[in-house]
Amino acid sequence: MPPRFEGLRRLPVLKNESFRGAFRRWLTSQTVPRLVVLGVASYLVLALTAYAIFGGNACAVMLDGKTVAVAADEKSARQALSEVLKQKYSQAGGPVTVAGKIAYKGIKAQPEELLDQEGLRSRFNESLTFNTKCTAIVVNGETKVFVKQMEEAEALLAWLQTLYPVEAGEQPAIKEKVELVKANAAVGSILDLETAKKTVLLGTNKIQQYVIKDGDTLWDVARAVNIDVDQIALSNPGIDLDNISIGQQLNLSKEAPLLTVVATRQVTVDEEIPYEVEVKKDDQLLAGEKQVLTEGESGERTVTYLITRENGFETERQVLYQTVIREARAEVVVTGSVTMLASRGGSVRLNWPCSGGITSPFGTRWGRMHEGIDIGAGYGYDVVAAAGGTVISAGWEGGYGKAVQISHGGGLVTHYAHLSSIEVSNGQTVERGELIGLVGSTGNSEGPHLHFEILVGGEPRNPVNYLP
Ligand SMILES: [Zn+2]
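What counts and what doesn't
Residues numbered from 1 in each chain as written. Predicted model: local features only at pLDDT ≥ 70, side-chain atom pairs only at ≥ 80, totals over all residues. Helix = DSSP H or I, 4+ residues; strand = E, 2+ residues; numbered from the N terminus. Buried ≥ 20, exposed ≤ 12 C-beta atoms within 10 Å, placed from the backbone. Pairing = 2+ DSSP bridges. Axes fitted to C-alpha atoms, helices over the stretch in contact; angles between N-to-C directions. Parallel < 35°, antiparallel > 145°, perpendicular 65-115°, else oblique. Left-handed = near helix turned anticlockwise from the far one by under 90°. Contact = placed C-beta atoms within 7 Å. Nonpolar A, V, L, I, M, F, W, Y, C, P; charged D, E, K, R; others polar. Core = buried A, V, L, I, M, F, W, Y, C linked by C-beta atoms within 7 Å. pLDDT = per-residue confidence, 0-100.

Chemist: Can you lay out the overall build of the chain for me, pointing to particular residues and giving the numbers?
Modeler: Tallying secondary structure elements over the chain gives eight helices and 29 strands in all. Burial status across the chain gives 25% buried among its 468 residues.

Chemist: Give a detailed account of the pairing of strand β1 (residues 58-63), specifying residues and quantitative values.
Modeler: Of the pairings in the sheet, the one linking β1 to strand β4 (residues 102-107) comprises six bridges and is antiparallel in character. Counted as the bridge partner of Leu63 is Ile102 from β4. Pairing of β1 with strand β2 (residues 66-71) involves five bridges; the strand directions are antiparallel. Bridge pairing links Met62 to Thr67 in β2. Here β1 folds back onto β2, and the loop between the two strands holds two residues, one of which, Asp64, carries a positive phi near 50°.

Chemist: Before we move on, could you go through the packing of helix α3 (residues 74-92) against helix α4 (residues 117-127) and cite the residues and values that matter?
Modeler: It is at 9 Å that the axes of α3 and α4 come closest, and there the two elements cross at 55°. By the criterion of interaxial angle, the relationship of α3 to α4 is oblique. Our pair here, α3 against α4, has a crossing hand that is right-handed. Residue-level contacts link Ser76, Ala77, Ala80, Leu81, Glu83 and Val84 of α3 to Gln117, Leu120, Arg121, Phe124 and Asn125 of α4. Taken together, the residues of the contact of α3 with α4 sort by class into six nonpolar, three polar and two charged.

Chemist: Break down the nonpolar core for me, with residues and values.
Modeler: With 37 residues, the main nonpolar core has Ala71, Phe146, Val147, Ile190 and Val200 as its most contacted residues. With near-sequence residues (within four places) excluded, Phe146 lies in contact with Cys134, Ala136, Ala183, Ala185, Ser189, Ile190 and Leu191. Ranked by size, the runner-up nonpolar core spans 30 residues in total, among them Leu350, Tyr381, Ala417 and Ile422.

Chemist: Provide a residue-level description of the packing of helix α5 (residues 150-163) against helix α6 (residues 193-202), including the pertinent values.
Modeler: At a minimum axis separation of 10 Å, α5 and α6 run at an interaxial angle of 45°. Judged on the interaxial angle alone, α6 and α5 are oblique. Like other packed secondary-structure pairs, α5 and α6 cross with a definite hand, here right-handed. Counting all contacts with α5, which are made through Glu152, Ala155, Leu156, Trp159 and Leu160, the residues of α6 involved are Leu193, Ala196, Lys197 and Val200. Here the contact of α5 with α6 is built from residues that sort into seven nonpolar, no polar and two charged.

Chemist: How would you sum up the confidence of the model for the chain? Please name residues and give values.
Modeler: Summing up the model confidence of the chain, the mean pLDDT is 83 and the portion of residues at 70 or higher is 87%. For residues 337-348, every residue scores under 50 in pLDDT, and the model assigns this stretch 38 contacts once sequence neighbours within four places are set aside.

Chemist: Lay out the sheet that holds β2 with the relevant residues and their values.
Modeler: On the basis of which strands lie adjacent, the open sheet formed by three strands has the order β2-β1-β4 and antiparallel pairing. The two strands at the open ends of the sheet, each matched to only one other strand, are β2 and β4. The mean inter-strand angle of the sheet, taken between neighbouring strand axes irrespective of direction, is 30°. Each of β1, β2 and β4 is contacted by α3, which is oriented at about 45° to β1, the strand it contacts most. Contacts from α4 reach β1 and β2 within the one sheet, and its direction differs from that of β2 by about 165°.

As structure tokens, this is what we get:
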């Protein structure tokens, strides 16, 4: 006989007993089917209550098990993600995939936690990584740059080798080991060809540019951004940095280029062998006077060099073989001070602070660092500002004797020592070529001369490289 449900019997009336006893008496009075129904009903009540407390009214979008966003329902979450995928597809120019595993899970959320379509899209954009197929440029085993197409990577390498002016007989090649590898990378990390070129050239994607203003020297720019002049040259191939003009744009990067274009060539030239100058001191001669005992004569030779250039700069000049046609003959002079002349070079143009030859060069002499040059000039000769600036020190400076320091801005300071008199005062503005003092021999000095220093950021530099 099938069980029949005949309703629950009434709760018994309490007859002078505990509620527990009455309940047990009532329970045992029920039939089995009735108890089953009672159990199911109780379960439903509990389940509904649990759902109301713990159940979902929203959809969590999970990336590898972590909630990324909460949407009203799975459909709207999927719709927003597919919008973003479409947009990434057109950005990447091809199919994209989400890095990691996406899952949807029903949860209960407060209304203010739910993101609308726009909110979902921007959340996906910022929290998910979208990968696409691309080409990696791998330099010495390290992935450096992603471009979309293999052809773009090939074009970049070809472009790089045409970037630096090629001399006759040079065959440019890339120094580093470069591999072009098919890869899968985040859409945002894939560079367009122009950006990729700059990245390879400047060593970075974050390119700072500088527009030359009226009155700028290359040195000013270099100081302002704390990059040395050689590095600026490296970042601006093909630009003649000795002739920068107002409005010109320079790339500024502290990074080395990612790739090095090496070109070598052999050159055979007839060249002079410079003669050396032997200086003999003679106390009979006044400072600045000299007497040539033997005229110097240049020699001549035919030399074959192997010249190596990297990114347009000569890095090595190796003598492969040479034939001496005529040996040089040294010049012998007798002097009270004297005679090496300054050479050209450097980027800052200063003028000579006084006339005269260099009697002692910059650098180490007799085991001591000579932080400037000595210019052999007679007592009382004019000393002028090497460039316009502000006098930051004028007075006695120990071993320097009477001395003047002029700041030219940006950390460039010129220093004039052993003066017999000072014609400027501290804080005064001076023009290029303006008289600042007279040559003397004050302080630690053996005879009248001008000791001249150039300091860049407090570091002494060879003035010869800054003088015409
Ligand atoms: Zn000196």
